[in-house]
Amino acid sequence: MILATTCLLGCAGDPEEFEMPSFSPDQAAKTAMAALDSNQDGQLSDAELAACPPLLSVKDAVDTDGNNSLSANEIKARVAEYAATNTGLQSLVCSATVRGRPLVGAVVKFIPVEFLTSAIGPAEATIRTNGSGVVLTGKLPGLAPGLYRVEVEAPSNSGRSIPAVYNSESKLWYEMNPSEPPHPAEFAVEMR
Ligand SMILES: [Ca+2]
Ligand SMILES: [Ca+2]
């Protein structure tokens, strides 16, 4: 009798092999400050964070000294938290709706913020008839810890287009931080 060999995640030579996130908290903080600290005062104000809507959205959680702006050390600490969870992919199901109804066939994209692009990759989910979609990184289910900009694209054969505020000009975001209770990944789209 021949037993089938099973190939669990991480088979050598598998092109879909998942690489663990390679966070460099110091480098990520430097990259964020270089990109966003326009007046070079070492602090990211709301006006400066507007250029990175996901980071502005999680500002209160990252602003641990409570001075209403973000420093390199605060960003570094947040990225170190992602790294400390030592998590590869955390399973995530998202939803996308329009007027409360499933946006069937829509693609929800999770794109790492620029200061994390060297650590983590993009992921996406396709919304099924039940209104939800399993987030996949490559072909593997799950999303790596980190901070993402989220874009929702219309089903390719729908003839509909979703307004730019949900994709090319999106302010939607998601943070996967396994050290905190999970955020719901629910994205409501308004279309006329
Ligand atoms: Ca500044
Ligand atoms: Ca602060």
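Cut-offs and rules
Residues numbered from 1 in each chain as written. Chains lettered and ligands numbered in written order. Predicted model: local features only at pLDDT ≥ 70, side-chain atom pairs only at ≥ 80, totals over all residues. Helix = DSSP H or I, 4+ residues; strand = E, 2+ residues; numbered from the N terminus. Domains from an automatic or database assignment. Nonpolar A, V, L, I, M, F, W, Y, C, P; charged D, E, K, R; others polar. Axes fitted to C-alpha atoms, helices over the stretch in contact; angles between N-to-C directions. Parallel < 35°, antiparallel > 145°, perpendicular 65-115°, else oblique. Left-handed = near helix turned anticlockwise from the far one by under 90°. Contact = placed C-beta atoms within 7 Å. Buried ≥ 20, exposed ≤ 12 C-beta atoms within 10 Å, placed from the backbone. Expected span 1.5 Å × (residues − 1). Arc of directions from axis to C-beta. Pairing = 2+ DSSP bridges.

**A short note on unusual backbone geometry**
- A positive phi angle, close to 50°, is found at Asn-86, a residue other than glycine.
- Within the fold, Asn-86 resides in the loop between α5 (72-84) and β3 (93-98).
- Its identity as a non-glycine residue notwithstanding, Arg-99 has a phi of 45°, on the positive side.
- With respect to the helices and strands, the residue Arg-99 is situated in the loop between β3 and β4 (101-102).

**Here's the deal with the domain arrangement of the protein chain**
- Per the domain assignment, the segments making up the protein chain are domain 1 (25-84) and domain 2 (93-189).
- For domain 1 versus domain 2, the distance between C-alpha centres works out to 23 Å.
- Residue assignment for the side of domain 1 that touches domain 2 shows that the elements contributing at least two residues are α1 (25-36), α3 (53-57) and α5.
- Residues of the side of domain 1 that touches domain 2, tallied by class, amount to 9 nonpolar, 2 polar and 1 charged.

**Remarks on the packing of α1 against α5**
- Following both chains from N to C, one finds α1 and α5 inclined at 140°, their axes separated by 8 Å at the closest point. Judged by the angle between their axes, α1 and α5 are oblique. Our pair here, α1 against α5, has a crossing hand that is right-handed. Along the contact surface, α1 presents Pro-25, Asp-26, Ala-28, Ala-29, Lys-30, Ala-32 and Met-33, while α5 presents Ala-72, Ile-75, Lys-76, Val-79, Ala-80 and Ala-83.
- Looking at the contact of α1 with α5, its residues break down into 10 nonpolar, no polar and 3 charged.

**Describing the environment of Ile-162**
- Note that Ile-162 resides in the loop between β10 (146-153) and β11 (173-176).
- Residue Ile-162 is classed as buried on the basis of its C-beta count, with 22 C-beta atoms lying within 10 Å.
- For Ile-162 and Val-152, which are 10 residues apart along the polypeptide, the C-alpha to C-alpha distance reads 7.5 Å.
- Those residues in contact with Ile-162, other than ones at most four positions away along the chain, are Val-152, Glu-153, Ala-154, Asn-167, Val-189 and Met-191.

**Concerning α1**
- In this model, α1 (12 residues) spans 16 Å end to end at C-alpha, consistent with the 16 Å of a helix rising 1.5 Å per residue.
- By the burial criterion, the buried members of α1 are Pro-25, Ala-28, Ala-29, Ala-32, Met-33 and Leu-36. In a view along the axis of α1, the buried residues occupy a sector of 130°, so they form one face of it.
- Residues of α1 that are buried make contact with β1 (43-44), α2 (46-49) and α5.

**Remarks on the pairing of strand β6 (residues 123-126)**
- Burial along β6 is one-sided: Ala-123 and Ala-125 are buried, while Glu-124 and Thr-126, pointing the other way, are not.
- Note that strand β5 (residues 107-112) and β6 share 4 bridges and pair antiparallel. Residue pairing in the sheet places Val-108 in a bridge with Ala-125 of β6.

**Quick look at α5**
- The end-to-end C-alpha distance of α5, which contains 13 residues, comes to 18 Å, matching closely the 18 Å that a straight helix rising 1.5 Å per residue would cover.
- Listed as buried for α5 are Ala-72, Glu-74, Ile-75, Arg-78, Val-79 and Tyr-82.
- Of the surrounding secondary structure, the elements contacted by the buried residues of α5 are α1, α4 (59-62), β2 (70-71) and β10.
- Immediately beyond the C-terminal end of α5, within one or two residues, lies Asn-86, with a positive phi of roughly 50°.

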